[in-house]
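Each chain, letter by letter, is given below.
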Amino acid sequence: MAEGLNLQPKTVGGRLFLDLSDQGLTSIPEEVFDITDLEFLIVSKNMLTSIPEGICRLRKLHHLEVEDNILTSLPRVIGSLRHLTNLLIDGNQLTELPQCVCSLPNLEVLTTNNNKLSSLPPSLEKLQKLKKLYISDNQFTELPQALCFLYNLEQLSVGNNPIKSLPDDVARLAKLNTLCISGCQFDEFPRQVLQLKALEELWAGGCKFDFVPDEVGNLPNMWLLSLECNFLKTLPSTMAHMNNLLVVHLLNNKFDAFPEVLCELPAMEKLDISNNNITKLPTALHQAGKLNDLDVSGNPLTYPPQDVREQGTGAIMAFLKQEAEKDEPMYETLIRWRERAGPAASLAVLERCLRDLDLHQLADHLIRTATVR
């Protein structure tokens, strides 16, 4: 036992709480297991190689946190902790999870990030109260079917594993609102994700996608979409339907032109599209009126001017709005011309001429305005 170690638990929210993290421990002191009313035990950031079987005496334990140690296994008696709701064992040397973990009837949170796991226990689906499962940074090549029957699962993180596909039955996770697949090895965007109608956050960076399917626009609850470090050059126009999208990460992709659909996201507050090949921001971006955090650094931008960009998001948005208002008389003139000329002034012909002159933004605005009228 480390010299001067304080084993006196605290009462937090009416529960006994003992924090022994970062104490240089090589083992958990036996005296800890005499505190039989203990409900929260944290022994993270030590040098533990095992958890003593004496832990079974902590029958009231709700929360066990043993992160960032050097555990190679868990004791079978873990399964006797019937009140355990949170088991956090990230950052160890575990190669497998014992079957006894699936005997924890009240387990709601299981985090095993940054271990050496390549499989999960076959009876995983017994954990019907599980809400959060984090298994990122391990050695999984596939996800077990049993995972798809955790019907109360709300958060799933499987990033940075050599996973090439998701099981089709992942669509059964009707309550899943957060999914991290960043750093997996998919050949293309996994279409199973598009069936997760409750999804609110999708973290899919570093997967080497070169396109996003149109169906992503059918995820109405999405508020965060993270697609950084892929090979994207365009975004689907259906993203305009994502009225709740607040945060968009598109840094380190292959965009040569700013995706115009982003101008149509009414709720967007944060956009990171840094480190692409964009030379110009469209004036229509000012229509994203809630955008207050815009990162366009690392692009070869020539418009807006550098002095405007250096002043930050507010100045950029004000500049784009001012420029759009300057062009408004031209839009109105074109509309009046079309109305006066009648059938001879084909909108298709005018649009083609404008695009031949590289006036794509004017053509887009004209089409939108004419459609509304």
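By the naming in an unreviewed UniProt entry, the protein is Leucine-rich repeat protein SHOC-2, taken from Branchiostoma floridae.

A. Quick look at the overall build of the protein. Along the protein, the regular secondary structure elements total four helices and 14 strands. Relative to its full complement of 373 residues, the protein shows a buried share of 50%. Roughly 17,700 Å² of accessible area belongs to the protein as shown, and the carbon and sulfur atoms make up 48% of that amount.

B. The arrangement of unusual backbone geometry in detail. Cis geometry marks the peptide bond from Y303 to P304; its omega dihedral reads 0°. In this fold, P304 is placed in the loop between β14 (293-295) and α1 (306-309). Its identity is not glycine, yet N114 carries a phi of approximately 60°, on the positive side. Within the element layout of this structure, N114 appears in the loop between β6 (109-111) and β7 (132-134). In this model, D137 sits at a positive phi of 60°, which is unusual for a non-glycine residue. Its location among the elements puts D137 in the loop between β7 and β8 (155-157).

C. Expanded view of the nonpolar core. In terms of nonpolar packing, the biggest core is built from 105 residues, with I181, L202, L250, L262 and L271 touching the most fellow members. The greatest single-element share of this core, amounting to four residues, is contributed by helix α2 (residues 313-341).

D. Geometry of the packing of aromatic side chains. Counting across every chain of the model gives four aromatic pairs. Ring geometry for Y303 versus F319: centroids 5.4 Å apart, planes at 65°, classification edge-to-face. With Y303 in the loop between β14 and α1 and F319 in helix α2, this pair connects stretches of sequence that are 16 residues apart. Across from the ring centre of Y303, 5.2 Å away, lies the NZ or CZ of K280, which sits over that ring.

E. Expanded view of the environment of L16. Among the structural elements, L16 can be located in strand β2 (residues 15-19). With 21 residues separating them along the chain, L16 and D37 place their C-alpha atoms 6.8 Å apart. The contact partners of L16, leaving out residues within four places of it in the chain, are P9, K10, T11, I35, D37, L38, E39 and F40.

F. Inspection of the environment of K254 at higher detail. Mapped onto the fold, K254 is located in the loop between β12 (247-249) and β13 (270-272). In sequence terms K254 and T234 are 20 residues apart; their C-alpha atoms lie 8.5 Å from each other. Beyond its immediate stretch of four places on either side in the chain, K254 contacts F231, L232, K233, N276 and N277.

G. Just the side chain of S44, in detail. Its location among the elements puts S44 in the loop between β3 (40-42) and β4 (63-65). Judged by its relative accessible area of 5%, S44 is buried. Residues within four places of S44 in sequence aside, it is in contact with L20, S21, D22, E65, V66, E67 and N69.

H. Representation of the pattern of salt bridges in the model. A full pass over the atoms with the stated rule returns five salt bridges. The partner of D37 in a salt bridge is K60, and the shortest N-O contact between them spans 3.0 Å. Of the two residues, D37 is situated in the loop between β2 and β3 and K60 in the loop between β3 and β4; the sequence distance between them amounts to 23 residues. Judged by relative accessible area, which is 43%, K60 ranks as partly exposed.

How each quantity is defined
- Residues numbered from 1 in each chain as written.
- Predicted model: local features only at pLDDT ≥ 70, side-chain atom pairs only at ≥ 80, totals over all residues.
- Heavy atoms only, no water.
- Helix = DSSP H or I, 4+ residues; strand = E, 2+ residues; numbered from the N terminus.
- Buried < 20%, exposed > 50% of the residue type's maximum accessible area, 1.4 Å probe, protein only.
- Areas by Shrake-Rupley, 256 points an atom, 1.4 Å probe, with all protein chains shown as cover.
- Core = buried A, V, L, I, M, F, W, Y, C linked by side-chain atoms within 4.5 Å.
- Phe/Tyr/Trp six-rings, centres within 6.5 Å; stacked < 30°, edge-to-face > 60°.
- Lys NZ or Arg CZ within 6 Å of the ring centre and 35° of its normal.
- Contact = heavy atoms within 4.5 Å.
- Salt bridge = Lys/Arg side-chain N within 4 Å of Asp/Glu carboxyl O.

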